[in-house]
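Here are the chains, one letter per residue:
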Amino acid sequence: MRLTVGFLLSFLSVQAMAQYTTPTKLSTAQLTFADDLDFAWLDLALDRQITSFQAGDLTGTIKLGGKSYPRKKLLSSVILFKKIV
């Protein structure tokens, strides 16, 4: 889980830009993935991301997979994810 969460959190940390388009491409490649499901550091990573989002400017939008989302939803999404896990 460290790789997945680390990638997700770094991917969402785009606080320097008012509008950001993620570097996504459609791929037909098959990916293999292994996860140790070690949640030991997940809580700390989420707390740090929440702190970062609260201190940053979340105006503007982020474009992901062809859809645009308000950047202020990043904070509420991370908080909701933390409640789930």
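Thresholds applied
- Along each chain, residues carry numbers from 1 onward, in the same order as the chain's sequence is written.
- Local features in this predicted model are restricted to residues whose pLDDT is 70 or higher, and side-chain atom pairs enter the listing and the counts only when it is 80 or higher, whereas totals over whole chains, interfaces and linings include all residues.
- Excluded from the side-chain calculations are hydrogens and water; all other atoms, namely the structure's heavy atoms, are used.
- A run of DSSP states H or I qualifies as a helix once it reaches four residues; a run of E qualifies as a strand once it reaches two. Both are numbered from the N-terminal end.
- Each residue is placed in one exposure class: buried if its accessible area under a 1.4 Å probe, protein chains only, is under 20% of its type's maximum, exposed if it is over 50%, and partly exposed if it falls in between.
- Contacts were defined at the residue level, with two residues in contact if any of their heavy atoms lie within 4.5 Å.
- Only the protein chains shown count as cover for residues, with accessible areas throughout obtained via the Shrake-Rupley method and a probe of 1.4 Å.
- Values of pLDDT, the confidence the predictor places in each residue, fall between 0 and 100.
- Salt bridges are counted wherever a side-chain nitrogen of Lys or Arg sits within 4 Å of a carboxyl oxygen of Asp or Glu.
- Pairing between strands is defined by DSSP: at least two bridges between the two strands are required.
- To count toward a patch, a residue needs a relative accessible area above 30% and no salt bridge. Like charges then connect within 9 Å, nonpolar side chains (Val, Leu, Ile, Met, Phe, Trp, Tyr) within 5 Å.

**Some remarks on the overall build of the chain**
- Helix and strand counts for the chain come out as 3 helices and 3 strands.
- For the chain, the sequential pattern of α-helices and β-strands runs α-β-α-β-β-α.
- Each of the 85 residues in the chain was classed as buried or not, and the buried ones make up 21%.
- By sequence separation, contacts in the chain at least 24 residues apart represent 74% of the contacts at least 6 residues apart.
- Accessible surface computed for the chain: about 6,400 Å², of which carbon and sulfur atoms make up 62%.

**Structural notes on the confidence of the model for the chain**
- The share of residues in the chain with pLDDT of 70 or more is 74%, and the mean pLDDT across the chain is 77.
- Mean pLDDT values over the elements of the chain span from 49, in helix α1 (residues 2-12), up to 93, in helix α3 (residues 72-84).

**A few points about the pattern of salt bridges**
- Going through the model one piece at a time under the given rule, you end up with 2 salt bridges.
- Across the pair Lys82 and Asp43 runs a salt bridge whose closest N-O atoms are separated by 2.6 Å. Taken together, the residues span a long stretch of sequence, with Lys82 in helix α3 and Asp43 in helix α2 (residues 42-55) at a distance of 39 residues.
- Classification of Lys82 by relative accessible area gives partly exposed; the value is 24%.
- Asp47 is the partner of Lys82 in a salt bridge, and the nearest nitrogen-oxygen pair spans 2.9 Å. In this pair, Lys82 is assigned in helix α3 and Asp47 in helix α2, connecting sequence segments 35 residues apart.
- On the basis of relative accessible area, Asp47 is assigned to the partly exposed category, the value being 34%.
- When salt bridges with common partners are traced through the structure, they connect Asp43, Asp47 and Lys82 into a single cluster.

**Describing the pairing of strand β3 (residues 67-70)**
- As paired strands, strand β2 (residues 61-64) and β3 are joined by 4 bridges and run antiparallel to one another. Pairing of Leu64 across the sheet is with Lys67, part of β3.

**With respect to a nonpolar patch on the surface**
- Nonpolar side chains collect at one region of the surface, where Leu37, Phe39, Leu80, Ile84 and Val85 lie side by side and expose about 520 Å² of accessible area between them.
- The class for Phe39 is partly exposed, based on a relative accessible area of 41%.

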